[in-house]
Amino acid sequence: MLRPRLPDNAYLKTASMAAAATTDHPGFLLTYALRLLRVLVLLALWRYVLVDRVNSGPLSLAGVLTYTLIAEVFAEQLNVRTSLNLAFWEGTLVIRFLRPMGLVRQLSAEMVGPWCIDFVLFSLPLLAMAPLLGVDPRPVSPGLGALFVVSLALAILVGLAMELITGAVIVGLDQPVWLIEWIRTAIALLLSGALLPLAYYPWGLGELFAWLPFAAMAWAPLAIYTAAGNPLTLLASQLVWLAVLWPFGVWLWDANREKLVSHGG
Amino acid sequence: MRKTYRQRVRSADLRDVLRNLLHPEIRVVQALHGIDLTVRRGEIVAYAGPNGAGKSTTIKLLSGLLAPDSGSVRSLGLDPVRDRVRYVGRVGVVFGQRTELWWDHPIAATFEWKRVVWNIPQPRYDRMLGLVRELLGLDDIYRTLARELSLGQRMRADLALALLHEPELLLLDEPTLGLDVLARRRILSFIKDLNRERGLSVIVTSHDMAELEQLAGRIVLLHEGQIAFDGVFADLRRLLSKHRVLTLETTSEAPPRLMGAELLRTDAGRHEFTFDAAAVKLSDLLEQASAQTEVLDVETHRAPIDEVVADLYEHWLTRSPGAQTDQ
Amino acid sequence: MASSTFTPTQLGRLWRLYAGMDLLYIARGPGVAFTYYLAELVIGAAAATATFLLAARFDGIGAWSRPQILFLLGYAMLVRMLVTVFFSYNLAHISRRIGRGQLDHLLIQPQPLWAALVTEGFAPVSGSSMLAPAAFLLIWSGQQLDMTPSAAWWALFVVDVLASVVIVQSFEYAWGSVAFWAPRAAEEINSHSWDMLQTLIPFPLDGLSGLALTSLLTIVPAGLIAWYPTRVLLGVAPVSWVEAAALPAAALLFATFAAWTFTRGLRHYGRTGSSRYLEYGHRR
């Protein structure tokens with residue numbers, strides 16, 4: 001029987017191997033179970049917390065529920081993580097430079113492979129399940145849906161830039177990898193709007209945080225999807241952060257290349 | 001005793017992801033099969049075999065980290081698994097590929113940690129600490145963080161750590177992996193001294209046969225989970241190889257043709273041959289050589305044990321397909 | 001030499017030992033200590049900030065006033081701090097130790113495994129950065145609520161905090177035990193279970209539907225860790241002595257279940273061992 005084959009391409013092969021490694025053992029499905037439970041609870045929580053309060057925010061209750069669901073559907077993309085910190089931890093970054101592939105591209109390939117598995121086994125079923133959960137998973141309009149796709153792509157690129165910069169910080173400050181990772185995760189959770197829409201932050205904090213790069217990673221695409229913000233402003237802020245972070249990240253790496261490459265090894 | 005493992009066999013093809021998940025192929029590996037082994041107190045036993053023969057599995061069974069599927073393990077009069085806490089207080093274990101040192105602490109801190117956790121009485125601790133520091137040359141690195149040590153330094157520190165509580169049995173799983181010749185020599189000499197002076201029993205695994213021959217009187221050779229040989233090195237040689245190596249230095253660059261000997265290598269008038277000492281006399285070979293050229297120097301010795309055993313492994317490899325596959 | 005019986009004195013000795021090592025580690029340099037404390041503060045604060053901001057925005061959440069929410073957050077921080085103090089070095093994230101084949105390091109120590117598991121993670125210096133913020137929140141909110149706690153209340157408070165800690169660890173161990181059977185796939189399962197708890201702990205759960213609430217009191221007991229005990233301690237709703245005793249009873253049940261799963265996993269490990277060994281994260 002003829003079986004479709006992926007074309008011979010270094011990045012596709014890398015992505016497919018990373019994807020296969022994820023599915024080593026059925027145990028990985030437990031993480032999906034945990035994620036499903038979390039989103040179910042968050043949906044119930046928002047219904048309880050916001051039922052009498054939604055008129056004071058830019059999102060309706062239905063909008064917040066959609067926001068929460070879509071944040072979980074695209075959780076991996078809204079909080080980009082590559083294997084860079086693992087390479088630092090193991091001291092094996094130097095091996096990446098022995099491959100005839102760009103560093104960022106190979107890290108991206110390793111990241112995207114498991115995303116495909118996640119999408120098929122978790123994200124798409126969750127989207128399909130949305131009506132059963134009483135959530136409308138559709139964007140407010142098809143146009144905003146299209147802009148969401150663009151914004152999501154930009155969010156991923158901003159996330160990759162943050163990965164590079166975080167790596168350089170880890171090496172530059174000579175601190176444990178996991179410690180800087182914790183700080184970054186915590187700050188991102190707080191400032192990105194992935195858990196709580198920035199629109200619900202008091203004292204104007206939401207408006208302030210919306211200008212930070214973390215917001216470009218999660219709040220921007222989610223706000224476009226749910227019409228909680230001006231799409232053009234949000235896209236513009238993402239582009240600005242891309243224009244700032246990428247050159248900065250590349251400069252940091254070039255300036256510290258030797259130290260970065262040999263870190264831990 | 002017996003020990004089997006079940007391994008999942010996976011396809012490298014992404015298209016087989018679902019099959020890997022839902023209907024995985026399982027391979028049953030007989031790591032140990034009918035091993036019956038006794039080690040006397042005060043012995044140094046070399047435990048060798050090709051990769052996958054079951055050496056590390058045996059060390060783990062003896063350390064109490066694994067239980068056999070059938071049969072029993074008794075060491076120092078105890079069951080290593082059931083009596084683990086008492087047992088490991090009398091045993092020292094060094095795994096060459098992993099360290100017991102606390103990474104971000106100096107060696108001194110790890111040693112002090114050991115004193116507390118193993119509840120080593122202070123006088124004994126002080127005595128053993130002095131001994132290992134001197135014999136393993138740890139003074140210069142005693143206050144160095146573990147992560148800043150070279151591999152050889154780390155191995156010495158790990159060996160010292162394993163001995164601080166004055167164990168009766170020392171289990172070494174590839175203790176000289178990746179070490180330079182000087183570091184190896186120091187470690188081997190140290191172990192032999194401890195064995196001679198304190199009657200420390202040692203079971204050591206390694207791929208370096210020459211090193212094992214230096215260290216141990218007895219060698220147990222494993223093949224596919226079974227004991228293929230258990231005896232002294234001299235008997236192993238006699239059993240496996242009657243071959244000797246003859247090296248001739250001659251005036252001519254071209255090697256002489258010797259009937260009954262095989263030329264191994266030649267370089268600028270120095271020619272190395274191998275021959276079966278049971279079939280061909282050395283004197284005949286020398287006579288042949290002298291008839292063809294002027295012989296300046298003669299050397300003869302046994303084939304290195306590494307080559308003897310490598311030939312054996314190769315013979316096993318060509319003869320046996322190895323593990324079964326189950327689904 | 002170590003005997004097979006283990007006494008409280010030995011436990012105390014081990015705690016002292018690891019406390020000393022923790023101090024040594026933190027005191028390597030001013031940068032290390034500063035980064036640690038900053039990291040813990042940021043992480044601990046971030047976990048509670050979403051709830052805090054919501055409470056600030058809406059002057060409370062549901063039936064809970066703002067000071068009551070702050071008390072809940074302070075309680076949650078205190079529990080988190082205690083878990084960090086007693087179970088650092090991946091002893092809260094036990095799936096990492098198991099999945100990376102690092103359990104052998106504990107098994108070659110001449111002490112019962114449980115003793116190693118409750119002592120080796122003791123980090124009173126590096127793990128206590130949340131103590132001050134937690135204490136501040138509890139005291140400040142208590143003042144706002146005009147609380148005058150009795151001795152009985154304090155006893156209940158201590159019991160509930162300990163019970164919450166036991167529930168967190170039991171949850172981590174129950175999920176972490178999966179790594180015995182799937183060391184590679186489940187190595188990071190405790191990261192997910194921990195993140196899940198930390199996300200859900202700070203929320204008051206009154207008004208949740210039966211199924212959601214039941215899940216949060218059983219499968220993922222986030223509700224038992226801060227919401228339920230705070231509800232009892234603050235008398236948010238009328239509470240009987242049965243409900244007051246429920247948390248310690250639940251802790252016992254969770255601990256029993258976790259011990260059962262872990263023991264089963266350990267038995268499986270004794271048969272199969274670990275073909276995997278990764279040294280990163282070990283004693284670092």
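Structural data are supplied above this passage.
Here's a quick rundown of the structure. Quick caveat: nothing in here was measured; it's all calculated off a predicted structure. (Residues numbered from 1 in each chain as written. Chains lettered and ligands numbered in written order. Predicted model: local features only at pLDDT ≥ 70, side-chain atom pairs only at ≥ 80, totals over all residues. Heavy atoms only, no water.)

## Looking at the overall build of chain C
In terms of regular secondary structure, chain C is built from 13 helices and 0 strands. Helices and strands in chain C line up, N terminus first, as α-α-α-α-α-α-α-α-α-α-α-α-α. Here the C-alpha atoms of chain C give a radius of gyration of 20 Å, agreeing with the 19 Å that 2.2 N^0.38 yields for 284 residues. Here the C-alpha coordinates of chain C stretch approximately 55 × 45 × 35 Å along the principal axes. Split into buried and exposed, the 284 residues of chain C put 63% on the buried side. A separation threshold of at least 6 residues defines the contact pool for chain C, and within that pool the share at least 24 residues apart is 79%. (Helix = DSSP H or I, 4+ residues; strand = E, 2+ residues; numbered from the N terminus. Rg over C-alpha atoms; globule rule 2.2 N^0.38 Å. Buried < 20%, exposed > 50% of the residue type's maximum accessible area, 1.4 Å probe, protein only. Contact = heavy atoms within 4.5 Å.)

## Examining the overall build of chain B
A tally of helices and strands in chain B yields 11 helices and 13 strands. Counting only C-alpha atoms, chain B reaches 75 × 55 × 40 Å along its principal axes. In chain B, which comprises 327 residues, the share counted as buried stands at 50%. In chain B, the share of contacts with a sequence separation of at least 24, taken over all contacts with a separation of at least 6, comes to 70%. Of the roughly 15,700 Å² of accessible surface on chain B, a fraction of 48% belongs to carbon and sulfur atoms. Seen as two clouds, the 44 positive and the 46 negative side-chain charges of chain B have centres 8 Å apart. (Areas by Shrake-Rupley, 256 points an atom, 1.4 Å probe, with all protein chains shown as cover. Lys, Arg positive; Asp, Glu negative; His and termini not counted. Charge placed at Lys NZ, Arg CZ, Asp CG, Glu CD.)

## Digging into the sheet that holds strand 9 (residues 243-250) of chain B
Residue and element names in this part refer to chain B. Here 4 strands make up an open sheet; going across it, the order is 10-11-9-12 and the pairing antiparallel. Whereas interior strands pair on both sides, the edge strands pair on one side only; in this sheet they are strand 10 (261-267) and strand 12 (295-302). Strand-to-strand twist across the sheet, computed as the mean angle between neighbouring axes with direction ignored, equals 20°. Pairing between strand 9 and strand 12: 7 bridges, direction antiparallel. Pairing of E249 across the sheet is with D297, part of strand 12. Relative to strand 9, helix 10 (residues 282-292) is tilted by about 25°, and along the sheet it contacts strand 9, strand 10, strand 11 (270-276) and strand 12. (Pairing = 2+ DSSP bridges. Axes fitted to C-alpha atoms, helices over the stretch in contact; angles between N-to-C directions.)

## A word on the packing of aromatic side chains
Applying the stated rule across the entire model yields 33 aromatic pairs over all chains. Relative to Y89(C), the ring of W102(B) lies with its centre 5.7 Å away and its plane at 85°, an arrangement referred to as edge-to-face. Of this pair, W102(B) sits in the loop between strand 4 (91-95) and helix 4 (107-117) while Y89(C) sits in the loop between helix 3 (66-86) and helix 4 (94-99), placing the two residues on different chains. The burial state of W102(B) is the same as that of Y89(C); both residues are buried. Each ring, one from F86(C) and one from F122(C), has its centre 5.2 Å from the other, and the planes form 35°; the classification is tilted. With F86(C) in helix 3 and F122(C) in the loop between helix 6 (113-119) and helix 7 (131-144), this pair connects stretches of sequence that are 36 residues apart. Positioned above the aromatic ring of W118(B), the side-chain terminus of K114(B) is 4.3 Å from the ring centre. The ring centre of Y142(B) lies 3.8 Å from the NZ or CZ of R133(B), which sits over that ring. (Phe/Tyr/Trp six-rings, centres within 6.5 Å; stacked < 30°, edge-to-face > 60°. Lys NZ or Arg CZ within 6 Å of the ring centre and 35° of its normal.)

## Comments concerning empty space enclosed by the protein
Counting across every chain of the model gives 6 cavities of 30 Å³ or more. Lining the largest cavity we find 18 residues, and of these V93(B), E100(B), K114(B), A162(B) and I108(C) sit closest to its centre. Taken together, the elements giving at least two residues each to the lining of the largest cavity come down to strand 4, helix 4 and helix 6 (151-163) of chain B. It is strand 4 of chain B that contributes the most residues to the lining of the largest cavity, 5 residues altogether. Its residues assigned to classes, the lining of the largest cavity comprises 10 nonpolar, 4 polar and 4 charged. Lining of the second largest cavity is provided by 15 residues; of these, A76(C), M77(C), R80(C), Q198(C) and I201(C) occupy positions nearest its centre. Looking at the lining of the second largest cavity, the elements that each hand over two or more residues are helix 2 (30-58), helix 3 and helix 10 (189-200) of chain C. Ranked by residues supplied to the lining of the second largest cavity, first place goes to helix 3 of chain C with 6 residues. Counted by class, the lining of the second largest cavity contains 12 nonpolar, 2 polar and 1 charged residues. (1 Å grid on protein atoms, 1.4 Å probe; cavity = no way out; pocket = protein on both sides within 12 Å on 5 of 7 lines; lining within 4 Å. Points joined across faces, edges and corners; volume = space filled by probe spheres on them. Nonpolar A, V, L, I, M, F, W, Y, C, P; charged D, E, K, R; others polar.)

## Some details on the packing of helix 4 of chain B against helix 1 (residues 8-26) of chain C
The contact between helix 4 of chain B and helix 1 of chain C brings their axes to 10 Å, and the two run at 170°. Here helix 4 of chain B lies roughly antiparallel to helix 1 of chain C, going by the angle between them. Contacts between helix 4 of chain B and helix 1 of chain C involve A109(B), E112(B), W113(B), V116(B) and V117(B) from the first element and R13(C), L14(C), L17(C), Y18(C), M21(C) and L24(C) from the second. When the residues that make up the contact of helix 4 of chain B with helix 1 of chain C are grouped by side-chain class, the tally is 9 nonpolar, no polar and 2 charged. (Parallel < 35°, antiparallel > 145°, perpendicular 65-115°, else oblique.)

## Overview of the sheet that holds strand 8 (residues 226-232) of chain B
All names here are of chain B. Within the open sheet, the 6 strands sit side by side as 4-5-6-3-7-8. Their pairing is mixed. The outermost strands of the open sheet, each flanked by one partner alone, are strand 4 and strand 8. If you compare each strand with its neighbour and ignore which way they point, the axes differ by 15° on average. Relative to strand 7 (residues 218-223), strand 3 (residues 44-48) runs parallel, the two being bridged by 4 bridges. Looking at the pairing, A46 lines up with I219 of strand 7. Each of strand 4 and strand 5 (169-173) is contacted by helix 6, which is oriented at about 165° to strand 4, the strand it contacts most.

## Things to note about the interface of chain A and chain C
When the parts come together, some accessible area is lost, and that loss is often what is quoted as the size of the interface. Of the residues lining the interface, 41 residues belong to chain A; the matching set on chain C comes to 50 residues. Interface of chain A and chain C: buried area, both sides summed, is about 4,100 Å²; carbon and sulfur atoms make up 78% of it. Summed over the shared surface of chain A and chain C, the result is 1 residue pair in polar contact (both at pLDDT 80 or more). Broken down by secondary-structure element, the contributors of at least two residues to the side of chain A that touches chain C are helix 2 (29-50), helix 5 (84-90) and helix 9 (177-191) of chain A. In terms of residue count, the dominant contributor to the side of chain A that touches chain C is helix 2 of chain A (13 residues). In the side of chain A that touches chain C, the residues fall into 31 nonpolar, 6 polar and 4 charged. (Buried area = accessible area lost by both parts, 1.4 Å probe. Polar contact = N/O pair within 3.5 Å; in protein donor to acceptor, adjacent residues only side chain to side chain.)

## Here we look at a nonpolar patch on the surface
Among the surface-exposed residues, L29(A), V120(A) and L121(A) lie close enough to one another that they form a single nonpolar patch of about 240 Å² accessible area. By the secondary structure assignment, L29(A) is in helix 2. (Patch = residues over 30% accessible without salt bridge, like charges linked within 9 Å, V, L, I, M, F, W, Y side chains within 5 Å. Salt bridge = Lys/Arg side-chain N within 4 Å of Asp/Glu carboxyl O.)

## Regarding the pairing of strand 10 of chain B
Summarising the sheet, strand 10 of chain B and strand 11 of chain B pair through 6 bridges and their orientation is antiparallel. Following the sheet pairing, A261(B) is matched in strand 11 of chain B by F275(B).

## Description of unusual backbone geometry
Of note, the phi angle at A227(A) is positive, near 55°, even though the residue is not glycine. By the secondary structure assignment, A227(A) is in the loop between helix 12 (219-225) and helix 13 (231-255). Located in the positive-phi region is Y89(C), a residue other than glycine, with phi close to 55°. Residue Y89(C) is classed as buried on the basis of its relative accessible area of 15%.

From the geometry alone we can't say anything about function, so treat these as descriptive.
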